[in-house]
Every structure is written in C-alpha cells, then in structure tokens.
Amino acid sequence: IIYTQLKHPGSSMFNIGGTIDITGDVRLDLLRRAVEDFIGANHTLCLRIHKTGETYVQYPENKAPVNVACIDFRTQQNSLNAFGEWVDKKAKAPFEILDSPLFEFYVYQLSEQRFGYFVKLHHIVADGWSIQLLTDEILERYICLNNALDIPDTPKLSYLDCIQSEHTYLNSDKYIKNKQFWLE
C-alpha cells in the first residue's frame, strides 16, 4: 500500500470513510468527546510512516490530545449542497503519507435535528470493516457520555500488540524450529 500510494501521491485510492448522519436530539459536544475518546483508545490510529534511507517503517506516534473540529453548516446558504461539496473535497484529498496522521474526523451539524461525523482513514490503518466497528464504538461512547456513565475500558488487541507478538515469535526457538521445517 505504501509504495503504491507513493507512486500515485495525488491519489485518494486508499481513502476509506464517509459520513454518519444522525437525526434527532444530539449533543454535539458529547458526540465530539465520543469521537475524541475513540481516537485516543485506538492505538492503530497513532501509526505513522517514516522513510529511513530507502526503507519505509511504521512507528507509533506519541499520543497527544486529539481535538476534533466541529463544523456548523446551518449558517451556509443551501447547507446540504455546501455540506456535500465539503465532504467531496475532503474525501478526495490524499493523505500526506510520511510522518503524518492517517485519519481525519470532523463532527458536524446540518440543522436543528441533523448531526453527524465525517471520517476518513487511510487503508494503512483501516479497512472496510473498520467503519462499522468505529461506528459501534463511537455510538457506545456517546450513549455512555449522554447518560453520565463511565465508558467501559474494554481491552482490545491492537495492531501494536500484533507487532510485538510477531517480534517475540521471530526471536523464539519455535520460529527457528518452524523455519527449519519449511526449509527442508
């Protein structure tokens, strides 16, 4: 993915995402906090790509507080058209691939009863299944915040855990034994 993206730097071919529209009574401040909490709880989103010589490596960026912008389209003439144009522009904009975040989130309001959030993820940190998972997690966080409940601290296997597990295996006697088996 990295090499293809670098070969086509102006392409949005690896952008995944869209909008999640919510109709009804929504507290935009809580939706924003739910999204920010989701970002903070998901280590995969902190991955960055760095070039060292001719080699590209992934590294976790030290977590800094994330501030998700709130955009109010209610003041725009023909707010739905303005929103659609904004989404189209954001969705098509390629990510800066090196040493930069590989995600974008915004919360928005279109009318007194229509809210939502926009998400764009690079395929390096997410796939199509990720959208449903993040939608479920953000919803769970929003419900907890709206009902003054603690957000469950459910341990998740993160990509960083997978990397550590792989590193441990590659330095184990089991790896040497398995490698020898396949070389025979």
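Keep in mind it's a predicted model, so treat the numbers as computed, not measured.

Cut-offs applied
Residues numbered from 1 in each chain as written. Predicted model: local features only at pLDDT ≥ 70, side-chain atom pairs only at ≥ 80, totals over all residues. Heavy atoms only, no water. Pairing = 2+ DSSP bridges. Helix = DSSP H or I, 4+ residues; strand = E, 2+ residues; numbered from the N terminus. Core = buried A, V, L, I, M, F, W, Y, C linked by side-chain atoms within 4.5 Å. Buried < 20%, exposed > 50% of the residue type's maximum accessible area, 1.4 Å probe, protein only. Contact = heavy atoms within 4.5 Å. Axes fitted to C-alpha atoms, helices over the stretch in contact; angles between N-to-C directions. Parallel < 35°, antiparallel > 145°, perpendicular 65-115°, else oblique. Left-handed = near helix turned anticlockwise from the far one by under 90°. Nonpolar A, V, L, I, M, F, W, Y, C, P; charged D, E, K, R; others polar. Right-handed = clockwise from strand over helix to strand, strands pointing away.

> Looking at this structure, how should I read the pairing of strand S2 (residues 47-52)?
Every other side chain in a regular strand lies on the same face of the sheet, so the side chains alternate between the two faces. When S2 meets strand S3 (residues 55-60), the two strands line up antiparallel, connected through six bridges. Across the sheet, Leu47 pairs through a bridge with Pro60, a residue of S3. Connecting S2 to the next strand, S3, in antiparallel fashion are two residues, including Gly53 with a positive phi near 65°.

> Looking at this structure, how should I read the nonpolar core?
Side chains that are nonpolar tend, in soluble globular proteins, to be buried together. Ranked by internal contacts, the top residues of the largest apolar core, which has 33 residues, are Phe105, Leu121, Leu134 and Ile138. Elements represented by at least two residues in this core include exactly helix H2 (28-41), S2, strand S5 (103-111), strand S6 (114-122) and helix H4 (128-146). Here the element with the most residues in this core is H2; it accounts for seven residues. Residues in contact with Leu134, not counting those within four places in the same chain, are Phe38, Phe105, Tyr117, Val119 and Leu121.

> Explanation requested: the packing of H2 against H4 in the structure shown.
When two helices pack together, their arrangement is given by the angle between the helix axes and by the axis-to-axis distance. At a minimum axis distance of 8 Å, the contact between H2 and H4 shows a crossing angle of 125°. Accordingly, the angle class assigned to the pair H2 and H4 is oblique. Our pair here, H2 against H4, has a crossing hand that is right-handed. Residues Leu30, Leu31, Arg33, Ala34, Val35, Asp37, Phe38 and Ala41 of H2 form the contact with H4, whose own contacting residues are Leu134, Glu137, Ile138, Arg141, Tyr142, Leu145 and Asn146. Considered class by class, the residues forming the contact of H2 with H4 number 10 nonpolar, one polar and four charged.

> Is there a simple way to think about the pairing of S5 in this case?
Burial within S5 is extensive, with seven of its nine residues counted as buried. Pairing of strand S4 (residues 69-72) with S5, which is carried by four bridges, proceeds in the parallel orientation. The partner of Cys70 across the bridge, within S5, is Val107. Crossover handedness for the path S4 to helix H3 (residues 79-92) to S5: right-handed. Where S5 and S6 come together, eight bridges link them in antiparallel fashion. For Ser111, the partnering residue across the bridge sits in S6 and is Arg114. Linking S5 back to S6 in an antiparallel pair, the connection comprises two residues.

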